[in-house]
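Secondary and tertiary structure notes
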Amino acid sequence: MRVAACFGAGMDIVEPCAFPLTDKKIRAAAMDYGAAISPTRHASWTAYQNSAEAARGRLVLFTTAGAGEIWDFDFSADDRLLFGRESAGVPENVHESADERLRIPIREGMRSLNVTVTAAIALAEASRQLR
Ligand SMILES: C[S@@+](CC[C@H](N)C(=O)[O-])C[C@H]1O[C@@H](n2cnc3c(N)ncnc32)[C@H](O)[C@@H]1O
(Lines give C-alpha, C1' and ligand atoms only; values in the text may rest on other atoms or scores of the structure.)
Protein backbone atom coordinates (compact mmCIF):
# COMPACT_ATOMS: atom_id res chain seq x y z
CA MET A 1 0.00 0.00 0.00
CA ARG A 2 2.83 2.36 0.80
CA VAL A 3 4.56 1.65 -2.53
CA ALA A 4 1.32 2.16 -4.46
CA ALA A 5 0.53 5.36 -2.56
CA CYS A 6 4.02 6.79 -3.17
CA PHE A 7 3.82 6.14 -6.92
CA GLY A 8 0.22 7.37 -7.21
CA ALA A 9 -1.10 3.97 -8.31
CA GLY A 10 -4.51 2.57 -7.47
CA MET A 11 -4.63 -0.79 -5.74
CA ASP A 12 -6.87 -3.84 -5.89
CA ILE A 13 -6.68 -6.86 -3.61
CA VAL A 14 -8.01 -10.11 -5.08
CA GLU A 15 -8.91 -12.89 -2.65
CA PRO A 16 -7.66 -15.37 -1.62
CA CYS A 17 -4.92 -13.07 -0.47
CA ALA A 18 -1.88 -14.54 1.25
CA PHE A 19 -2.10 -11.97 4.03
CA PRO A 20 -4.99 -12.23 6.52
CA LEU A 21 -6.40 -8.82 5.66
CA THR A 22 -9.17 -7.39 7.76
CA ASP A 23 -10.19 -3.75 7.35
CA LYS A 24 -8.43 -3.08 10.66
CA LYS A 25 -5.22 -4.70 9.42
CA ILE A 26 -5.40 -2.75 6.16
CA ARG A 27 -5.68 0.49 8.15
CA ALA A 28 -2.74 -0.54 10.34
CA ALA A 29 -0.59 -1.53 7.33
CA ALA A 30 -1.35 1.73 5.58
CA MET A 31 -0.19 3.79 8.61
CA ASP A 32 -0.51 7.45 7.67
CA TYR A 33 -0.56 6.54 3.96
CA GLY A 34 -4.15 5.37 4.39
CA ALA A 35 -5.48 8.78 3.40
CA ALA A 36 -3.66 8.51 0.06
CA ILE A 37 -4.83 5.06 -0.95
CA SER A 38 -7.95 3.04 -0.53
CA PRO A 39 -7.65 -0.47 -2.00
CA THR A 40 -10.64 -2.05 -3.73
CA ARG A 41 -11.18 -5.61 -2.57
CA HIS A 42 -12.51 -8.39 -4.79
CA ALA A 43 -13.88 -11.65 -3.38
CA SER A 44 -12.40 -13.80 -6.17
CA TRP A 45 -10.55 -13.67 -9.47
CA THR A 46 -13.89 -13.93 -11.30
CA ALA A 47 -15.26 -11.01 -9.30
CA TYR A 48 -12.20 -8.96 -10.21
CA GLN A 49 -12.49 -9.83 -13.91
CA ASN A 50 -16.12 -8.67 -13.90
CA SER A 51 -15.35 -5.44 -12.06
CA ALA A 52 -15.10 -1.90 -13.41
CA GLU A 53 -11.44 -1.85 -12.37
CA ALA A 54 -10.65 -4.69 -14.81
CA ALA A 55 -12.51 -3.13 -17.73
CA ARG A 56 -9.61 -1.22 -19.24
CA GLY A 57 -5.96 -1.57 -20.07
CA ARG A 58 -3.69 -4.57 -20.39
CA LEU A 59 -3.27 -7.04 -17.57
CA VAL A 60 0.49 -7.21 -17.00
CA LEU A 61 1.50 -10.09 -14.75
CA PHE A 62 4.84 -10.09 -12.96
CA THR A 63 6.09 -13.62 -12.65
CA THR A 64 9.38 -15.45 -12.34
CA ALA A 65 8.10 -17.50 -15.31
CA GLY A 66 7.64 -14.35 -17.38
CA ALA A 67 8.28 -14.57 -21.08
CA GLY A 68 9.57 -11.03 -21.46
CA GLU A 69 11.97 -8.88 -19.47
CA ILE A 70 10.59 -5.76 -17.83
CA TRP A 71 13.42 -3.69 -19.37
CA ASP A 72 12.16 -4.39 -22.91
CA PHE A 73 8.49 -3.61 -22.18
CA ASP A 74 6.70 -0.37 -23.13
CA PHE A 75 4.30 0.53 -20.32
CA SER A 76 1.03 2.41 -20.90
CA ALA A 77 -0.69 4.61 -18.34
CA ASP A 78 -3.71 2.33 -18.15
CA ASP A 79 -1.79 -0.95 -17.67
CA ARG A 80 -2.92 -3.03 -14.70
CA LEU A 81 0.09 -4.54 -12.96
CA LEU A 82 -0.56 -7.86 -11.27
CA PHE A 83 1.60 -9.50 -8.59
CA GLY A 84 1.22 -12.94 -7.08
CA ARG A 85 1.12 -14.31 -3.57
CA GLU A 86 4.31 -14.42 -1.58
CA SER A 87 3.85 -18.17 -1.08
CA ALA A 88 2.90 -19.49 -4.50
CA GLY A 89 2.59 -16.74 -7.10
CA VAL A 90 -0.64 -16.86 -9.11
CA PRO A 91 -2.70 -19.91 -10.12
CA GLU A 92 -2.44 -21.19 -13.70
CA ASN A 93 -5.80 -19.74 -14.82
CA VAL A 94 -4.71 -16.28 -13.67
CA HIS A 95 -1.37 -16.72 -15.40
CA GLU A 96 -3.23 -17.53 -18.62
CA SER A 97 -5.56 -14.52 -18.26
CA ALA A 98 -2.67 -12.06 -18.44
CA ASP A 99 -2.09 -10.07 -21.62
CA GLU A 100 1.62 -9.82 -20.84
CA ARG A 101 3.93 -11.77 -18.51
CA LEU A 102 7.05 -10.01 -17.35
CA ARG A 103 10.12 -11.09 -15.45
CA ILE A 104 12.57 -8.93 -13.55
CA PRO A 105 15.94 -10.52 -14.27
CA ILE A 106 17.70 -11.59 -11.10
CA ARG A 107 20.92 -13.44 -10.38
CA GLU A 108 21.03 -17.11 -11.40
CA GLY A 109 20.25 -19.46 -8.52
CA MET A 110 18.08 -16.87 -6.71
CA ARG A 111 14.40 -17.90 -6.53
CA SER A 112 12.51 -14.61 -6.49
CA LEU A 113 12.12 -11.12 -5.08
CA ASN A 114 9.44 -10.45 -2.53
CA VAL A 115 6.19 -9.01 -3.75
CA THR A 116 6.67 -5.49 -2.36
CA VAL A 117 10.12 -5.14 -3.89
CA THR A 118 8.75 -6.43 -7.21
CA ALA A 119 5.93 -3.88 -7.12
CA ALA A 120 8.37 -1.08 -6.33
CA ILE A 121 10.66 -1.99 -9.23
CA ALA A 122 7.70 -2.35 -11.61
CA LEU A 123 6.12 0.97 -10.61
CA ALA A 124 9.46 2.76 -10.69
CA GLU A 125 10.16 1.51 -14.23
CA ALA A 126 6.63 2.32 -15.43
CA SER A 127 6.89 5.81 -13.88
CA ARG A 128 10.30 6.38 -15.45
CA GLN A 129 8.94 5.53 -18.89
CA LEU A 130 5.72 7.55 -18.52
CA ARG A 131 7.13 10.64 -16.75
C1 LIG B 1 7.85 -14.32 -3.55
S2 LIG B 1 7.20 -14.26 -5.17
C3 LIG B 1 6.32 -15.79 -5.35
C4 LIG B 1 7.23 -16.94 -5.40
C5 LIG B 1 6.53 -18.20 -5.88
N6 LIG B 1 7.20 -19.35 -5.31
C7 LIG B 1 6.55 -18.30 -7.41
O8 LIG B 1 7.31 -19.10 -7.92
O9 LIG B 1 5.82 -17.56 -8.09
C10 LIG B 1 5.84 -13.16 -5.00
C11 LIG B 1 5.49 -12.43 -6.28
O12 LIG B 1 6.50 -11.48 -6.57
C13 LIG B 1 6.63 -11.34 -7.99
N14 LIG B 1 8.03 -11.64 -8.36
C15 LIG B 1 9.02 -12.04 -7.52
N16 LIG B 1 10.19 -12.12 -8.16
C17 LIG B 1 9.94 -11.76 -9.45
C18 LIG B 1 10.77 -11.62 -10.63
N19 LIG B 1 12.09 -11.87 -10.60
N20 LIG B 1 10.17 -11.22 -11.77
C21 LIG B 1 8.84 -10.97 -11.83
N22 LIG B 1 8.03 -11.07 -10.75
C23 LIG B 1 8.56 -11.46 -9.58
C24 LIG B 1 5.61 -12.25 -8.63
O25 LIG B 1 4.44 -11.51 -8.90
C26 LIG B 1 5.37 -13.28 -7.54
O27 LIG B 1 4.12 -13.89 -7.67
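Residues numbered from 1 in each chain as written. Predicted model: local features only at pLDDT ≥ 70, side-chain atom pairs only at ≥ 80, totals over all residues.

1. A closer look at the UniProt feature "domain: tRNA/rRNA methyltransferase SpoU type" (unreviewed entry) in the chain
As a reminder, the rule being used: UniProt positions are given in the numbering used here, feature names are shortened, and annotations may be inferred rather than shown by experiment. The way it works is that DSSP assigns letters per residue, a run of H or I at least four long becomes a helix, a run of E at least two long becomes a strand, and they are numbered from the N terminus.
Within this numbering scheme, the UniProt entry marks residues 1–123 as carrying the feature "domain: tRNA/rRNA methyltransferase SpoU type" (unreviewed entry). Secondary structure content for residues 1–123 is 28% helix and 16% strand, and the end C-alpha separation is 12 Å.

2. Digging into the site of the ligand
Cut-off, in case you're wondering: For each residue, a C-beta atom is positioned from the backbone; the residue is called near a molecule or strand if that atom sits within 6 Å of it. Here the nonpolar group is Ala, Val, Leu, Ile, Met, Phe, Trp, Tyr, Cys and Pro; Asp, Glu, Lys and Arg are the charged ones; every other residue, Gly included, is treated as polar.
Every one of the 18 residues lining the ligand counts as a neighbour, but Phe62, Gly84, Gly89, Ser112 and Leu113 are closest to it. Class assignment of the residues belonging to the shell around the ligand gives a composition of eight nonpolar, eight polar and two charged.

3. Here's the deal with the UniProt feature "binding site: S-adenosyl-L-methionine" (unreviewed entry) in the chain
What counts here: We call two residues in contact if the C-beta atoms placed from their backbones are at most 7 Å apart.
Per the UniProt record, "binding site: S-adenosyl-L-methionine" (unreviewed entry) is found at Gly84, Ile104 and Ser112. For the residues just named, distributed over 29 residues, the greatest C-alpha separation is only 13.7 Å, placing them together at one site. Tracing the backbone shows Gly84 in the loop between β5 (80–83) and α4 (92–97). Setting aside chain neighbours within four positions, we find Gly84 in contact with Thr63, Gly89 and Val90. Considering the arrangement of structural elements, one finds Ser112 in the loop between β6 (100–103) and α5 (115–130).

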